[in-house]
Amino acid sequence: MRGVVRIENCAIPATDNFPIVASRFSPSASDDEGLTDELVSTVVVIQSALGTSRKYYHDFALYLVVCGVPAVYTYDLRGLGDSLFPTPENLQATRREQFRFARENKDITVLDHWVFRDQIGVLQYVRKVHPHSEIVIVGNSLGAQLSPAAMVESEGSPPLVSRCLWISASNTYYRYFRNPYRIKIFGHYILPSSSKRLGFTPAKVIGLAEHPLPLGVGLEWFKATNHPRYFCGISESMDKVYKSAQGKVLSLSFEDDHLFRAGTFKSWLRELGSRVEKRWVHFTIAKRANLSMKELILEGRVGGSVGHLKFFKEEVGGRLCLWEAILPFLITGKFPEWSGQPLHAKL
């Protein structure tokens with residue numbers, strides 16, 4: 001295992017040159033001395049859940065570097081966290097600045113800006129910096145839902161990403177929520193109209209985001225949740241991306257997810273076409289067991305609450321041995337034995 005981890009904040013240009021604030025985790029100078037890029041096999045990019053700061057994933061990024069991953073990137077999509085200004089003087093944004101940006105940038109959307117400008121821009125930058133490495137995405141919720149756009153060939157070039165680990169990636173159709181009527185009433189009637197008056201979307205009201213969302217993002221997201229196929233149902237470009245994506249996806253979800261029912265995770269994974277080899281594991285919670293954490297995972301169980309986000313916290317994902325269990329997939333691309341049989345696409 002390596003020792004000290006170096007953390008550097010930087011601004012990465014999106015495809016339209018908007019600066020996306022990111023953090024790069026890598027071994028200290030003494031730890032990576034002598035390594036060349038030819039010896040580096042895997043670089044990991046962590047993509048956040050809706051309205052969640054890149055800083056939430058700090059623990060997991062540190063763990064990956066300590067375990068030998070040579071570089072891990074986290075980043076904030078435009079309008080979230082610290083990615084607020086075209087010419088950022090510093091890389092730390094205040095809460096007031098987040099609200100101001102959301103009000104002044106109502107035209108930002110999920111599909112046009114976050115998927116095809118921000119995400120692709122970050123991954124192109126990572127590819128340029130690490131030309132001999134595989135790029136692997138670890139996506140949480142929305143961050144996973146965006147990732148297939150990086151798994152398609154572009155102008156004859158291979159996909160930017162070879163495989164993805166999805167955590168709590170669901171079909172976010174409102175009927176799949178544990179409380180669908182709350183989403184229907186707030187998300188389809190109250191919040192859209194109030195968002196237009198406010199100039200931004202206060203998604204925290206219904207427990208969906210810690211940051212205010214740009215108006216365009218909120219309205220597009222609410223529209224997608226009203227369709228049984230979510231973003232693939234309202235966007236031909238996303239539907240095409242999902243059908244033409246290639247590579248591997250390992251999707252994990254958890255019984256105590258407070259937002260979504262079990263079937264929605266499998267439903268969303270099946271939107272991917274036949275060129276993606278995919279596995280889905282839905283972990284149940286072991287109430288009482290005389291087994292170790294590792295033995296529970298082999299049985300598709302975990303020894304404590306994980307929910308929608310807590311996989312990325314050391315006291316949860318680390319303590320329950322989930323991080324250790326998925327590490328070989330990230331580094332080598334080999335599906336773990338406990339991930340079961342391949343999941344086939346919908347016909």
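Look up a bit, the structure's there.
Here goes a summary of the coordinates provided. On a predicted model such as this, the values are computed, not experimentally measured, just so you know. (Residues numbered from 1 in each chain as written. Predicted model: local features only at pLDDT ≥ 70, side-chain atom pairs only at ≥ 80, totals over all residues. Heavy atoms only, no water.)

Considering the environment of Thr109
Which entries qualify depends on this criterion: Secondary structure is summarised from DSSP: a helix means a run of H or I of at least four residues, a strand means a run of E of at least two, and numbering begins at the N terminus for each. Throughout, a residue-residue contact means that at least one pair of heavy atoms, one from each residue, lies within 4.5 Å. Side-chain atoms alone can form a polar contact between residues adjacent in sequence; in general such a contact is a pair of N or O atoms within 3.5 Å, and within protein one must be able to donate a hydrogen while the other accepts it.
Residue placement: Thr109 occurs in the loop between helix 2 (95-104) and helix 3 (110-129). Spatially, the C-alpha atom of Thr109 lies 8.1 Å from that of Leu215, the residues being 106 residues apart in sequence. Contact partners of Thr109, with chain neighbours within four places excluded, come to Trp114, Gly216, Val217 and Glu220. A polar contact of 3.3 Å, which involves the side chain of Thr109, links it to the backbone nitrogen of Asp112.

A short note on the nonpolar core
Stated formally: Take the buried residues of types Ala, Val, Leu, Ile, Met, Phe, Trp, Tyr and Cys, join any two whose side-chain atoms come within 4.5 Å, and each joined set is a nonpolar core. Only protein chains enter the area calculation, which uses a 1.4 Å probe; residues under 20% of their type maximum are buried, those over 50% are exposed, and those in between are partly exposed.
In terms of nonpolar packing, the biggest core is built from 63 residues, with Trp114, Val161 and Trp166 touching the most fellow members. Sorting elements by how many residues they give to this core places helix 3 first, with eight residues. Those residues in contact with Trp114, other than ones at most four positions away along the chain, are Leu50, Leu77, Arg78, Leu80, Ile108, Thr109, Gln119, Leu142, Leu146, Leu213 and Val217.

Things to note about the packing of helix 1 (residues 58-66) against helix 12 (residues 322-332)
Heads up, the condition is: Whenever a helix is involved, its axis is fitted only over the stretch in contact; in every case the axis is a line through C-alpha atoms, and angles between N-to-C directions fall within 0 to 180 degrees. Angles are sorted into four bins: roughly parallel if under 35 degrees, roughly antiparallel if over 145, roughly perpendicular if 65 to 115, and oblique for all others. By convention, the crossing between two helices is left-handed when the near helix turns anticlockwise from the far helix through less than a right angle, and right-handed when the turn is clockwise.
It is the contact of helix 1 with helix 12, at a shortest axis distance of 11 Å, that shows an interaxial angle of 60°. Classified by the angle their axes make, helix 1 and helix 12 are oblique. Between helix 1 and helix 12 lies a crossing of right-handed hand. Where helix 1 abuts helix 12, its residues Asp59, Phe60, Tyr63 and Leu64 lie against Trp323, Glu324, Ile326, Leu327 and Leu330.

Some words on the pattern of salt bridges
Pairing is possible between side chains of opposite charge, provided their charged atoms come close. To be explicit about the condition: Salt bridge, as used here: a side-chain nitrogen of Lys or Arg that lies within 4 Å of a carboxyl oxygen of Asp or Glu.
Within this structure, the stated rule accounts for 16 salt bridges. Between Asp82 and Lys55 there is a salt bridge, with the nearest N and O atoms lying 3.4 Å from each other. Here Lys55 lies in the loop between strand 3 (42-47) and helix 1 and Asp82 lies in the loop between strand 4 (72-75) and helix 2, a separation of 27 residues in the sequence. What makes Asp82 buried here is its relative accessible area of 6%. Where Asp239 meets Arg229, a salt bridge forms, and the shortest distance between an N and an O atom there is 2.5 Å. In this pair, Asp239 sits in helix 8 (residues 236-244) while Arg229 sits in the loop between helix 6 (215-225) and helix 7 (230-234), placing the two residues ten residues apart along the sequence. With relative accessibility at 22%, the residue Asp239 sits in the partly exposed group. With relative accessibility at 26%, the residue Arg229 sits in the partly exposed group.

With respect to the sheet that holds strand 3
The condition that has to hold: DSSP calls a pair of strands paired once it identifies at least 2 bridges connecting them.
Pairing within the open sheet is mixed, and its nine strands lie in the order 1-2-4-3-5-6-9-10-11. Only two strands of the sheet have a single neighbouring strand rather than two, namely strand 1 (5-13) and strand 11 (301-302). Of the strand pairs in this sheet, strand 1 and strand 2 (residues 19-27) are connected by nine bridges, and their pairing is antiparallel. In the sheet register, Ala11 faces strand 2, and the bridge partner there is Val21.

A look at the packing of helix 3 against helix 8
We apply this condition: Gly counts as polar in this scheme, as do all residues outside two lists: the nonpolar Ala, Val, Leu, Ile, Met, Phe, Trp, Tyr, Cys and Pro, and the charged Asp, Glu, Lys and Arg.
Two elements in contact, helix 3 and helix 8, have axes whose closest approach is 11 Å; the angle formed by their N-to-C orientations is 35°. Counted together, Leu111, Val115 and Phe116 of helix 3 and Ser237, Met238 and Val241 of helix 8 form the full contact between these two elements. Taken together, the residues of the contact of helix 3 with helix 8 sort by class into five nonpolar, one polar and no charged.

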